[in-house]
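# Fold and geometry: a report
The lines below spell out each chain.
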Amino acid sequence: VVDVGGGYGGAVTLRLKDNGVTHIGFNGANSSTGKTIDGQLGFANKRAESWWRFREALNPDQQGGSAVALPADPELRADLAAPTYSVGTRGIVIESKDELRKRLGRSPGKGDAVVMCLSEGNTAQRKLLRGNRVEQQTANLGYSKLKKRR
């Protein structure tokens, strides 16, 4: 799962595609049609939905308990506990990444990675399984095919 919402994600996905590596792009600014488990609230965007779904997945009181197992990493746990939420006209809104960076003094990269992967989990798993049926063992190293051989 690659964050394509800005920065270097687009270039990364191009390189992965060139090399036949199965991947999924995640853009948190995309719209969301999802609702909370109780069906009461919607989400302002995909990022808010993903973080809220992760929050719901951590609930130990759900049927069968929580299936999420996190490593004992204090920075990851701090990242996951840091974002604040509010309810706006479009639904649940999560604190912006810029505000979160200011408050934490660093990027919440580990938490973002975990949340994005859980968000795309079943879709990613199906895509990876389809992509691995024909395993590609070569890599595109650039323009070497265009160079003249002497």
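Check the entry above for the structure.
The present account deals with the structure reproduced in this document. (Residues numbered from 1 in each chain as written. Predicted model: local features only at pLDDT ≥ 70, side-chain atom pairs only at ≥ 80, totals over all residues. Heavy atoms only, no water.)

## Some words on the overall build of the protein chain
This is how it is decided: Secondary structure counts use DSSP, requiring at least four H or I residues in a row for a helix and at least two E residues in a row for a strand, with both numbered from the N terminus. Summary of the burial criterion: residues with accessible area below 20% of their type's maximum are buried, those above 50% are exposed, and those between are partly exposed, where the area comes from a 1.4 Å probe applied to protein chains only. Note on areas: Shrake-Rupley, 1.4 Å probe, and residue coverage restricted to the protein chains presented here.
Summing up its helical and strand segments, the protein chain has six helices and four strands in all. The order of helices and strands in the protein chain, counted from the N terminus, is β-α-β-α-α-β-β-α-α-α. A burial count over the protein chain gives 27% of its 150 residues as buried. Total accessible area on the protein chain is roughly 10500 Å²; 52% of this is exposed by carbon and sulfur atoms.

## Overview of the side chain of N19
Defined as follows: Distance and chemistry together define a polar contact, namely a pair of N or O atoms within 3.5 Å, with one atom able to donate a hydrogen and the other to accept it when in protein, and with adjacent residues in sequence counting only for side-chain atoms on both sides.
Here N19 lies in the loop between α1 (9–18) and β2 (25–26). Note on N19: relative accessible area 14%, which makes it buried. A polar side-chain atom of N19 sits 3.0 Å from the main-chain carbonyl oxygen of R15.

## Focus: the pattern of salt bridges
Note the threshold: Should a side-chain nitrogen of Lys or Arg be within 4 Å of a carboxyl oxygen of Asp or Glu, the pair is scored as a salt bridge.
The final tally for this structure, using the stated rule, is eleven salt bridges. E75 is the salt-bridge partner of K110, the closest N and O atoms lying 3.6 Å from each other. Here K110 is found in helix α5 (residues 109–119), whereas its partner E75 is found in helix α3 (residues 74–81), with 35 residues between them in sequence. What makes E75 partly exposed here is its relative accessible area of 35%.

## Observations concerning the nonpolar core
A general tendency of soluble globular proteins is for nonpolar side chains to be buried together. Quick reminder of the rule: Definition of nonpolar core: a set of buried residues of the types Ala, Val, Leu, Ile, Met, Phe, Trp, Tyr and Cys, connected through side-chain atoms within 4.5 Å. Here, residues are in contact when the closest pair of their heavy atoms is within 4.5 Å.
Counting residues in hydrophobic clusters, the biggest one holds ten residues: F43, A48, W51, W52, F54, L76, L80, I92, I94 and V115. Here V115 is in contact with S50, W51, F54 and L80, once residues within four sequence places are set aside.

## What to know about the packing of aromatic side chains
To keep things clear, this is the line we draw: In this analysis, rings of Phe, Tyr and Trp, with Trp reduced to its six-membered ring, are considered paired at centre separations within 6.5 Å, and the interplanar angle assigns stacked below 30 degrees, edge-to-face beyond 60, and tilted for intermediate values. For a Lys NZ or an Arg CZ to count as sitting over a ring, it must be within 6 Å of the ring centre and within 35 degrees of the ring normal.
Evaluated as defined, the whole model comprises one aromatic pair. Measuring from centroid to centroid gives 5.1 Å for W52 and Y85, while their planes differ by 90 degrees, and the two rings are edge-to-face. Of this pair, W52 sits in helix α2 (residues 46–57) while Y85 sits in strand β3 (residues 85–88), and the two are 33 residues apart along the sequence. On the basis of relative accessible area, W52 is assigned to the buried category, the value being 15%. Owing to a relative accessible area of 31%, Y85 belongs among the partly exposed residues under this scheme. One residue, R55, lies across the ring of W52, its end atom 4.2 Å from the ring centre.

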